[in-house]
Amino acid sequence: MSGGAGRNRLATETSPYLLQHAGNPVDWYAWGDEALSLARAEDRPILLSVGYSACHWCHVMERESFEDDATARLMNEHFVNIKVDREERPDVDAVYMTAVQQMTGRGGWPMTVFLTPEGQPFYGGTYFPPAPRHGMPSFRQVLLAVSEAYRERRGEVERSAAELTDLLRQGTSLRPPTTPLDTGLLDEAFRALAARFDATNGGFGGAPKFPQPMVLDFLLRDWRRTGNPDALGMVEETLGAMARGGIYDHLGGGFHRYSVDARWQVPHFEKMLYDNALLARLYLHAHQATGDPEYRRVAEETLDYVLREMTSPEGGFYSTQDADSEGEEGRFYLWRADEVDRVLGPEDGRLFRLYYGVTPGGNFEGRSILHVERPLAAVAREAGVGEDRVREAVERGRARLYEVRAARVWPGRDDKVITSWNAMTVRALAEGASILDRTDYRDAALRGAEFLLGELRRGGELLRTYRDGVAKIGGFLEDYASLVDALVSLYEATFDARWIREARSLADAMIARFWSPGEGQFYDAAAGDALVVRPRDVNDSATPSGSSAAAMALLRLCALTGEEAYDAKATATVEGVAGLLPQIPQAFGGMLAALDWLLSDALEVAVVGEPAASGTRALLDVVRHRYLPNAVLALRDPAAPDEETAAVIPLLAGRELVDGRPAAYVCERFACRRPVTAATELARELER
């Protein structure tokens, strides 16, 4: 074992997840040529273990197996052991997760996969216990059985590995598109989602229940397209239920990963940056669509949480907060009734407990997860006080209990910076700045973008992760696409044409690295990696797939630049999966949004005026305060030189003031209607 006494090779890594395993007696390697070459040279199978820092069961398996000397001896004797942080290497995770799902019908983390020295998978699963239970073999039994099979039944193992690898290759090959792009696909997708909707609790299906922000975003778009109140109703029911439930952190803001029950009450307590970026945007859009101040509150509290607890001094955004603290899941977030009364006093404590459902018996292992089951008015009636009295107690209580909670042992935090997740956060902050007129959000978005372009770009190539001054691992399709998308939103928040120049440069690099001209589709990783299959996963899961993110980013960028090659590649990307969209819409929320854009009369709005002038701001506010999911916004300052900006954003070329007054030009594919100068006129134009 290298890396010093008591430390293995992972001690030199930057990933907090890998560093958590640096003290294991297992002779771990990171994914790379050293481990793969050793496996081939010694003809030993590979044990690949994949997880991530905030994963509760990953920590459990480490304690039970990877810290156990006897288990480690078996691993070191029979295998070349590779530990992967799935957040660093989504390509490795995607390929072998697909293999595990093919073998077992299910997936998840921790993931354990056994590979031939050539990297072909032949056996795998997720969590294995230290002793047999619930029909599962122990991890040691698995190790011995796999090692014996590899030694004694080599031909059988290699045939199985070859067959599975062929299946993986077939899964990345998309058939020529045969389904025409029309609104019938969107209508069918809506009906399929409506059939799965939980009308009692919001969301889709039963427990466990995930937020699915991209699916809800599609439904909000569908309401905008069709006026169907059922589409908006599904969104509002779900957003309200989540904001009231335990999945939302009522003291600190932000959302936990998912709910283990169907009612959003008991969360899995980890917090992921990407969830909060995507959900903040969704609540912002719902606020635009409905004007409901509750959606604004949740969006602001979520973004404020990110700025307060998940932002690095350099301006990047951290990845996750663990579910566990002091060895217990959720301990940081739970409250006892007597504890609330002691902190808030008997009267405020009583009102706070009534509102947030804190009871002596608790609702989670003897303590309470804060959640709102009844409207404030109902609590006031039960308590025999006015609504304002309850509201005051709740607001004082939230602030005071947050202070008390902050003195507890905090959950662990994965402080690496991931490009795609940071880009999603930059977009959410930029949109928050525009919609809510929050200059602090704009400043944070600018710092985040500067950080990504300064620290995670090397010679025109994006890198995936950053920690402690070290940026590493070539970026993937999702990294490029998410950052292009974010830079478009940052332009709309600042009207600095630099961000469109940067977006174009990244979009061109993305196409060069990941686009396959022969197949007319994007791959998730650049060519030439050591993986047995070049990954292409078109499903939108917790985050947009690289393909759907690329399609949307290119469509938005095309609307500002007029670059038809971007539109063509986005169209081909959607066409490649069009037949699947109505069949499994929950797996294609991001791609359905791109299809909605393609089939809509997407708008380009060009405003001319001095940015600080009241007339200009009135025109901008009309656009920013409306829910216009398929629109882009550009501004030309008549006092600034026109040539350079118009070269970057042709939409602005030739746009002038009207009778010396700020004016707005509403265009569709660069064909513009007559300019308007009054906010009321612009509102009518946008609703035509």
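For every chain, the first residue of its written sequence is number 1, and the numbers climb from 1 along that sequence. Only residues with pLDDT of at least 70 are given local features in this predicted model, and only at 80 or more are side-chain atom pairs given and counted; all residues enter the totals for whole chains, interfaces and linings. Neither water nor hydrogens contribute to the side-chain values; these are computed over all heavy atoms in the structure.

A word on the overall build of the chain
Next, step 1: A tally of helices and strands in the chain yields 26 helices and 21 strands.
Next, step 2: Only C-alpha atoms enter the radius of gyration, while the globule expectation follows 2.2 Å times N to the 0.38, with N the number of residues. For 688 residues, the compact-globule estimate of 2.2 N^0.38 gives 26 Å, and the C-alpha radius of gyration of the chain, at 26 Å, lies within 12% of that figure.
Next, step 3: When its C-alpha atoms are laid out on the principal axes, the chain stretches across 85 × 70 × 45 Å.
Next, step 4: Only protein chains enter the accessibility calculation, which uses a 1.4 Å probe; a residue is then buried when its area is under 20% of its type maximum, exposed when over 50%, and partly exposed in between. Looking at the chain residue by residue over its 688 residues, the buried ones come to 60%.
Next, step 5: Between two residues, a contact is recorded if the distance between any of their heavy atoms is within 4.5 Å. When contacts within the chain are restricted to residue pairs at least 6 apart in sequence, those whose partners lie at least 24 apart make up 68%.
Next, step 6: Computed with a 1.4 Å probe, the accessible areas rest on the Shrake-Rupley method; for each residue, only the protein chains presented here act as cover. For the chain, the accessible area works out to roughly 25,700 Å², and carbon and sulfur atoms hold 48% of it.
Next, step 7: In the chain, 77 side chains carry a positive charge and 103 a negative one; their mean positions are 2 Å apart. By the criteria applied, helices consist of DSSP H or I runs no shorter than four residues and strands consist of E runs no shorter than two, each listed in order from the N terminus. The sign given to each residue is positive for Lys and Arg and negative for Asp and Glu; His and the chain ends receive no count. Every charge is mapped onto a representative atom, which is NZ of Lys, CZ of Arg, CG of Asp or CD of Glu.

Points about the side chain of Asp479
Next, step 1: Looking at where Asp479 falls in the secondary structure, it is placed in helix H19 (residues 477-494).
Next, step 2: Given a relative accessible area of 0%, Asp479 falls into the buried group.
Next, step 3: The term polar contact refers here to a pair of N or O atoms within 3.5 Å; inside protein, the definition further demands a hydrogen-donor-capable atom paired with an acceptor-capable atom, and it admits residues adjacent in sequence only when both atoms are side-chain atoms. A polar contact of 2.8 Å, which involves the side chain of Asp479, links it to the side chain of Arg464.
Next, step 4: With sequence-adjacent residues up to four places away left out, Asp479 is seen in contact with Thr419, Ser420, Leu462 and Arg464.

Structural notes on the state of the cysteines
Next, step 1: Throughout, disulfides are identified as pairs of cysteine sulfur atoms within 2.5 Å of each other. Evaluation of the coordinates by the stated rule reveals two disulfides.
Next, step 2: A sulfur-sulfur distance of 2.4 Å marks the disulfide that ties Cys55 to Cys58. The sign of the S-S torsion, about 85 degrees, decides the handedness of the disulfide formed by Cys55 and Cys58: right-handed. Of the two residues, Cys55 and Cys58, neither departs from the other in class, the shared state being buried.
Next, step 3: In this model Cys667 forms its disulfide with Cys672; the gap between the sulfur atoms is 1.9 Å. The disulfide joining Cys667 to Cys672 has a torsion of about 95 degrees about its S-S bond and is therefore right-handed.
Next, step 4: Taking relative accessible area as the criterion, Cys672 reaches 28% and is therefore assigned partly exposed.
Next, step 5: Across the chain, the disulfide pattern expressed with sequentially numbered bonded cysteines is 1-2, 3-4.
Next, step 6: Between Cys558, a cysteine without a disulfide, and Cys667, which holds the nearest cysteine sulfur, the sulfur-to-sulfur distance is 14 Å.
Next, step 7: Classification of Cys558 as buried rests on a relative accessible area of 7%.

Section: helix H26 (residues 679-687)
Residues that lie three or four places apart on an α-helix share one face, since the helix turns once every 3.6 residues.
Next, step 1: Where H26 is concerned, the buried positions are Leu682, Ala683, Glu685 and Leu686. Each buried residue of H26 lies within a common arc of 160 degrees when the element is viewed along its axis, so the set occupies one face. Facing away from the buried side of H26 by more than 90 degrees, the exposed set consists of Thr680 and Arg684.
Next, step 2: Turning to H26, the residues buried within the fold contact helix H9 (213-226), strand S18 (603-608), helix H24 (614-624) and strand S20 (663-668). This arc describes the spread of directions from the helix axis toward the C-beta atoms.

What to know about the pairing of strand S19 (residues 631-636)
Strand residues, when the strand is regular, have side chains that alternate between the two faces of the sheet.
Next, step 1: Buried residues dominate S19, accounting for six of its six residues.
Next, step 2: Of the two faces of S19, the one holding Ala631, Leu633 and Leu635 and the one holding Val632, Ala634 and Arg636 are both buried throughout.
Next, step 3: We treat two strands as partners when DSSP finds at least two bridges between them. Looking at chain direction, S18 and S19 are connected through six bridges and run parallel. What sits directly across from Val605, in S19, is Leu633.
Next, step 4: Looking down the strands as they point away from you, a crossover is right-handed if its path from the first strand over the helix to the second goes clockwise. For the segment spanning S18, H24 and S19, crossover handedness is right-handed.

Some remarks on the confidence of the model for the chain
Next, step 1: Confidence along the chain averages 94 in pLDDT terms, with 99% of residues attaining 70 or more.
Next, step 2: Residue-level confidence of the predictor is summarised by pLDDT, bounded by 0 at the bottom and 100 at the top. Below a pLDDT of 50 lies the segment residues 1-5, which in the model reaches 11 contacts outside its immediate sequence neighbourhood of four places, other chains included.

Things to note about the sheet that holds strand S1 (residues 28-30)
Next, step 1: Across the sheet, which stays open at both edges, the five strands sit in the order S1-S3-S2-S4-S5 with mixed pairing between neighbours. In this open sheet, the two strands that pair with only one neighbour each are S1 and strand S5 (121-125). Sheet twist, expressed as the mean angle between neighbouring strand axes with direction ignored, is 30 degrees.
Next, step 2: As paired elements, strand S2 (residues 46-51) and strand S3 (residues 80-85) share six bridges and run parallel to each other. What sits directly across from Val50, in S3, is Val84.
Next, step 3: Here, axes are lines fitted to C-alpha atoms. For helices the fit covers the stretch in contact, and angles between N-to-C directions go from 0 to 180 degrees. Packed onto the sheet, helix H5 (residues 90-104) meets S2, S3, strand S4 (111-115) and S5 and runs at close to 90 degrees relative to S4.

Focus on the pattern of salt bridges
Oppositely charged side chains can form a pair if their charged atoms are brought close together.
Next, step 1: By definition here, a salt bridge exists when the distance from a side-chain nitrogen of Lys or Arg to a carboxyl oxygen of Asp or Glu is within 4 Å. Evaluation of the coordinates by the stated rule reveals 69 salt bridges.
Next, step 2: Among the ionic pairs, Glu158 bridges to Arg154, the shortest N-O distance being 3.0 Å. With Glu158 and Arg154 both in helix H7 (residues 154-172) and four residues apart, the pair spans about one turn of that helix.
Next, step 3: Looking at Glu158, the relative accessible area reads 39%, which means it is partly exposed.
Next, step 4: Asp249 is the salt-bridge partner of Arg405, the closest N and O atoms lying 2.9 Å from each other. Highlighted residues: Arg405 in helix H16 (residues 387-406) and Asp249 in the loop between helix H10 (229-244) and strand S6 (258-259), separated in sequence by 156 residues. Summarising the burial analysis for this pair, Arg405 and Asp249 share the class buried.
Next, step 5: Each member of the salt-bridge network shares a partner with another, and the members are Arg281, Arg427, Glu431, Asp485, Glu492 and Arg556.

Quick notes on the side chain of Ser147
Next, step 1: Tracing the backbone through its elements, the reader meets Ser147 in helix H6 (residues 139-152).
Next, step 2: Taking relative accessible area as the criterion, Ser147 reaches 4% and is therefore assigned buried.
Next, step 3: There is a polar contact of 2.9 Å between the side chain of Ser147 and the side chain of His78.
Next, step 4: Once residues within four sequence positions are removed from consideration, Ser147 is found in contact with His78 and Phe79.

Things to note about the environment of Arg534
Next, step 1: Turning to its location among the elements, Arg534 is positioned in the loop between strand S17 (521-522) and helix H21 (546-561).
Next, step 2: The class of Arg534 is partly exposed, set by a relative accessible area of 26%.
Next, step 3: Through-space distance from the C-alpha of Arg534 to that of Tyr523 is 7.2 Å; in sequence the pair is 11 residues apart.
Next, step 4: In this view, Arg534 contacts Thr172, Arg513, Phe514, Tyr523, Ala525, Ala526 and Ala527; residues no more than four positions away in its chain are not counted.
Next, step 5: Among the polar contacts listed, one links the side chain of Arg534 to the backbone oxygen of Arg513, at a separation of 3.2 Å.
Next, step 6: Side-chain polar atoms of Arg534 contact the backbone oxygen of Ala525, separated by 2.9 Å.

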